[in-house]
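Residues per chain, in single letters:
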Amino acid sequence: MSASFCSIIRPSPLIPETDCRWIPNPNRPPVHFTLPRHTKKNSWRILKVLQEEGIGVLSPDDTVSLRNPVIDSKEEEALGVVNGVATTELEEGTLNSSKASAKRITKEKEDKEGSYDSRFKLRNGREVFEEKTYLVGVERKGHIEDSFGIEESLSELAQLADTAGLTVVGSTYQKLATPNPRTYIGSGKVAEIKSSIHAFAVETVIFDDELSPGQLRNLEKAFGGDVRVCDRTALILDIFNQRAATHEAALQVALAQMEYQLPRLTKMWAHLERQAGGQVKGMGEKQIEVDKRILRTQIGVLKKELESVRKHRKQYRNRRISVPVPVVSLVGYTNAGKSTLLNQLTGANVLAEDQLFATLDPTTRRVQTKNGKEFLLTDTVGFIQKLPTTLVAAFRATLEEISESSLLVHVVDISHPLAEQQINAVNKVLSELDVSSIPKLMVWNKVDKASNPQKIKLEAEKREDIVCISALNGDGLDEFCNAVQENLKDSMVWVEALIPFDKGELLSTIHQVGIVERTDYTENGTLVRAHVPLRFARLLTPMRQLCVS
Ligand SMILES: Nc1nc2c(ncn2[C@@H]2O[C@H](COP(=O)(O)OP(=O)(O)OP(=O)(O)O)[C@@H](O)[C@H]2O)c(=O)[nH]1
Ligand SMILES: [Mg+2]
């Protein structure tokens, strides 16, 4: 599992490791936990509070091992015999064979370390450990036809695991009417997974749905304690944590991670009561309260920090709003090609790659169309099915940009076999964001990659509200810009205004941001009839009155 899986907080030393989600797997070498540089630079106050509270947060400059390297006690014994005094009394033959066996053990150890070393991979600019991972899903009976099937959902989970730097060694699923409240899956399936764990030397088991804290704990126990169990939500949070490139994104992800962990602290201390034979009854309860208080304090600190970052961004946005250029936001499923489209149209250099969640922060650039029109285009974080609610909540402020746009462009990867299901998943997230009043334009992207591009284009023609493009090679981008203009017209207001000759700059702005239907030159100025953005219409009020009078 990637190092950042548990990079933000780690429990105080008293917490038993087997009970903690974010403690590294005991069977793997030490892992270096880091926070992104900007996080350290900008949120030193948060880090200070966390450290004062006894919570470990490591900076990129502190390379610290969370646990000592695992040394096999048998190896130590064998080496001790060779190197220690005892060896002098051994027969030569025994000595030679001991030396040979010591050499073999050292070589095995070196090989093992070498293979461990080779399993550290650079992902998203960070070093992650390629843990062997097994995926588990549950197909609920009465499954809705237009949602993801279990196999597709598991293959998406495998893609997520790969993005996080994990090595998927196998997967399984079970059909259930209702999940088992104790272990989510049935006991037979638990036993089957346990044997796969042994067969493939699995280090992490990931469930495709969010598990309750109790289910996580029970499953970890059932699998034998050496295996980490986590769920889709934790995996997505981990990817976001790896990808967060700005201060605001890092804060949002940290907040989502802490909120995810808060309910999972329950009963972490129950072992103390068991160890003390019930004499310290209530001790565990108290400690949970202490830990929860610490976590709540951290959440409070993070929220304040986020608030101040957002104030700055809002000021910047207000300045932008004062310019009457309409804002168009790109939304869509992760990997649909939103950033590629922004890059093609504006020459921006936003990271666009064949990985999930390449973009976390919004980027806005000005688009100038061939007919001299302008609009602002905003690229946003992609959506996914079963998007953790903690993430939607944490990213709500970033997503607010969407709610202030004049038009939403829903980018779809039409070459994807589950394009329809992805559209439904995006619509579901959009419905949570209260943007129903904003006009939408659907764009079918990656037409070049589809098995039958012609068929897709014909299909799109039948439905008037769809534009087919290939953001990668630029096909259909002129049609896209025209469709944006047409749709923007719907969000504009109709004005007739008499622009005095000395206000020539206003006239050219109307041409730039609005859609001019007609201009007539009169004695007192230019009479314009046009669709313009609402904000701009307000600026024209005195001239509109002039026109009426
Ligand atoms: N063949 C083909 N590939 C495309 C097209 N548009 C984008 N891609 C590829 O699809 C992958 C994802 O593109 P991005 O632009 O990063 O997708 P995104 O929607 O921004 O993804 P997130 O930021 O993760 O939400 C990249 O490898 C692109 O090169 C297209 O029109 N045709
Ligand atoms: Mg992107």
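Predicted model, so just to flag it, every value in this text is computed and none were measured. (Residues numbered from 1 in each chain as written. Chains lettered and ligands numbered in written order. Predicted model: local features only at pLDDT ≥ 70, side-chain atom pairs only at ≥ 80, totals over all residues. Heavy atoms only, no water.)

Caption draft 1: Spatial organisation of the overall build of the chain. When helices and strands are tallied, the chain shows 20 helices and 15 strands. In the chain, which comprises 549 residues, the share counted as buried stands at 52%. A separation of at least 24 residues holds for 71% of the contacts in the chain among residues at least 6 apart in sequence. Per element, the accessible surface of the chain, about 26500 Å² overall, is 51% carbon and sulfur. (Helix = DSSP H or I, 4+ residues; strand = E, 2+ residues; numbered from the N terminus. Buried < 20%, exposed > 50% of the residue type's maximum accessible area, 1.4 Å probe, protein only. Contact = heavy atoms within 4.5 Å. Areas by Shrake-Rupley, 256 points an atom, 1.4 Å probe, with all protein chains shown as cover.)

Caption draft 2: Examining the site of ligand 1 more closely. Around ligand 1 sit 23 residues, and of these Lys-338, Ser-339, Thr-340, Thr-359 and Asp-448 come closest. Within the backbone of Ala-471, one N or O atom sits 3.0 Å away from an oxygen atom of ligand 1. The biggest single contributor to the shell around ligand 1 is helix H12 (residues 338-346), with three residues. A per-class count over the shell around ligand 1 returns seven nonpolar, ten polar and six charged. (Near = heavy atom within 4 Å. Polar contact = N/O pair within 3.5 Å; in protein donor to acceptor, adjacent residues only side chain to side chain. Nonpolar A, V, L, I, M, F, W, Y, C, P; charged D, E, K, R; others polar.)

Caption draft 3: Geometry of the coordination of the magnesium ion (ligand 2). Looking at the metal site, the magnesium ion (ligand 2) is ligated by Ser-339 (OG) and Thr-359 (OG1), spaced 2.0 to 2.1 Å from it. Remark: Thr-359 occurs in the loop between H12 and strand S8 (363-368) and Ser-339 occurs in helix H12; sequence separation between them is 20 residues. Across the pair, Thr-359 and Ser-339 agree in class, each one buried. (Donors = N, O, S within 2.8 Å, 3.2 Å for Na, K, Ca; no water.)

Caption draft 4: Examining the pattern of salt bridges more closely. Counted according to the given criterion, the structure contains 18 salt bridges. Here Glu-131 ties to Arg-228 by a salt bridge, and the two come within 3.7 Å at their closest N and O atoms. Of the two residues, Glu-131 is situated in the loop between strand S2 (126-129) and strand S3 (132-140) and Arg-228 in strand S6 (residues 228-231); the sequence distance between them amounts to 97 residues. Glu-131 gets classed as buried once you look at its relative accessible area, which sits at 0%. Put simply, Glu-374 and Arg-366 hold a salt bridge, and the shortest N to O gap is 2.7 Å. (Salt bridge = Lys/Arg side-chain N within 4 Å of Asp/Glu carboxyl O.)

Caption draft 5: Broad picture of the nonpolar core. Grouped together as the largest cluster of nonpolar side chains are 65 residues, with contacts concentrated most on Leu-160, Ile-185, Val-205, Phe-207, Phe-223, Phe-240 and Phe-357. Broken down by element, the residue count for this core peaks at six residues, all from helix H8 (residues 232-243). Counting residues domain by domain, this core receives three or more from each of domain 1 (3-28 + 32-65 + 131-264) and domain 3 (324-489). In this structure, Val-367, Leu-377, Ile-469 and Leu-488 belong to the second largest nonpolar core, which totals 27 residues. (Core = buried A, V, L, I, M, F, W, Y, C linked by side-chain atoms within 4.5 Å. Domains from an automatic or database assignment.)

Caption draft 6: Structural view of the sheet that holds strand S9 (residues 374-379). Pairing within the open sheet is mixed, and its six strands lie in the order S8-S9-S7-S10-S11-S12. Where the open sheet ends on each side, the last strands, each with one partner, are S8 and strand S12 (466-468). Between one strand axis and the next, the sheet turns by 30 degrees as a mean value, whatever way the strands run. Packed on one face of the sheet, helix H15 (residues 419-432) meets strand S7 (327-332), strand S10 (407-413) and strand S11 (440-445) and runs near 150 degrees to S10. (Pairing = 2+ DSSP bridges. Axes fitted to C-alpha atoms, helices over the stretch in contact; angles between N-to-C directions.)

Caption draft 7: View of unusual backbone geometry. Positive phi, normally seen in glycine, also occurs at Phe-357, with a value near 55 degrees. Classification of Phe-357 as buried rests on a relative accessible area of 1%.

Caption draft 8: View of the packing of aromatic side chains. Tallied over the full model, the rule gives four aromatic pairs. Pairing Tyr-134 with Phe-200 gives two aromatic rings, centres 6.4 Å apart and planes at 25 degrees, and the pair type is stacked. With Tyr-134 in strand S3 and Phe-200 in helix H6 (residues 187-200), the pair connects residues that are 66 residues apart, well separated along the chain. Its relative accessible area of 4% is what places Tyr-134 among the buried residues. For the pair Phe-148 and Tyr-333, a centre-to-centre distance of 6.1 Å together with 20 degrees between the ring planes defines the contact as stacked. Pair noted here: Phe-148 is in the loop between S3 and helix H5 (150-163) and Tyr-333 is in the loop between S7 and H12, with a separation of 185 residues, a long-range link. Residues Phe-148 and Tyr-333 agree in their burial class; the two are buried. Looking at Arg-264, its charged tip hangs above the ring of Tyr-260, at a distance of 3.7 Å from the centre. (Phe/Tyr/Trp six-rings, centres within 6.5 Å; stacked < 30°, edge-to-face > 60°. Lys NZ or Arg CZ within 6 Å of the ring centre and 35° of its normal.)

Caption draft 9: The environment of Gly-214, seen in detail. Within the secondary structure, Gly-214 is located in helix H7 (residues 213-222). Along the backbone, Gly-214 and Thr-183 are 31 residues apart, and their C-alpha atoms lie at a distance of 8.1 Å.

Caption draft 10: Seen up close, the pairing of S10. Of all seven residues that make up S10, seven are buried, and the element is covered over most of its length. The sheet contact formed by S7 and S10 spans five bridges and is parallel. Note that in S10 the partner of Gly-332 across the bridge is Val-411. Pairing analysis gives six bridges linking S10 to S11, with the strands arranged parallel. Looking at S11, one finds that Val-412 is bridged to Trp-444. As a crossover connection, the stretch from S10 through H15 into S11 is right-handed. (Right-handed = clockwise from strand over helix to strand, strands pointing away.)

In short, geometric facts, not functional conclusions.
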